[in-house]
Amino acid sequence: MFLTILEFAGVTLGVKFALGLALIYFLFPADGRCSACDGETVPLRAGRGLRTVGRVLRVERRWCLHCGETMMTRRAGSPPVQPGPVEQPQERNAA
Ligand SMILES: [Zn+2]
């Protein structure tokens, strides 16, 4: 009787957990476009541990070239780039 209750609770919670993860996964954008400005994004290179977790879960961090936002997306397939220093806009002299 006790094992039946444990199995029922485990299956019930497991199904809820799996459905929650699937819902979160499908909420991530898959087209590689920025969700804020619809600009082009490039994948960021993660550390060793996060890269493995991201490969297993098929998600990646991407950086928008237009607005500078970083976001999680479903894996799009383009090669990762190393983030570099952001160029500051040059100041214009007021005439
Ligand atoms: Zn953007």
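So, here is what we can say about the structure in this document.

Now for unusual backbone geometry. Even without glycine at this site, D38 takes up a positive phi of about 60°. Within the element layout of this structure, D38 appears in the loop between α1 (2-27) and β1 (41-43). With phi around 60°, R58 is a residue other than glycine that occupies positive phi space. R58 gets classed as exposed once you count the C-beta atoms within 10 Å, which come to 11.

This part takes up the sheet that holds strand β3 (residues 70-74). Taken in spatial order, the three strands of this open sheet run β1-β2-β3, and their pairing is antiparallel. Each having just a single partner strand, β1 and β3 make up the two edges of the open sheet. Adjacent strand axes in the sheet meet at a mean angle of 40°, parallel and antiparallel pairs treated alike. Pairing geometry for β1 and strand β2 (residues 59-64), over three bridges, is antiparallel. Among the inter-strand pairings, P43 is bridged to a residue of β2, identified as R62.

To continue, consider the pairing of β3. Strand direction decides the pairing type here: β2 and β3, joined by five bridges, are antiparallel. Bridge pairing in β3 places E60 opposite T73.

Rules of the game
Residues numbered from 1 in each chain as written. Predicted model: local features only at pLDDT ≥ 70, side-chain atom pairs only at ≥ 80, totals over all residues. Helix = DSSP H or I, 4+ residues; strand = E, 2+ residues; numbered from the N terminus. Buried ≥ 20, exposed ≤ 12 C-beta atoms within 10 Å, placed from the backbone. Pairing = 2+ DSSP bridges. Axes fitted to C-alpha atoms, helices over the stretch in contact; angles between N-to-C directions.

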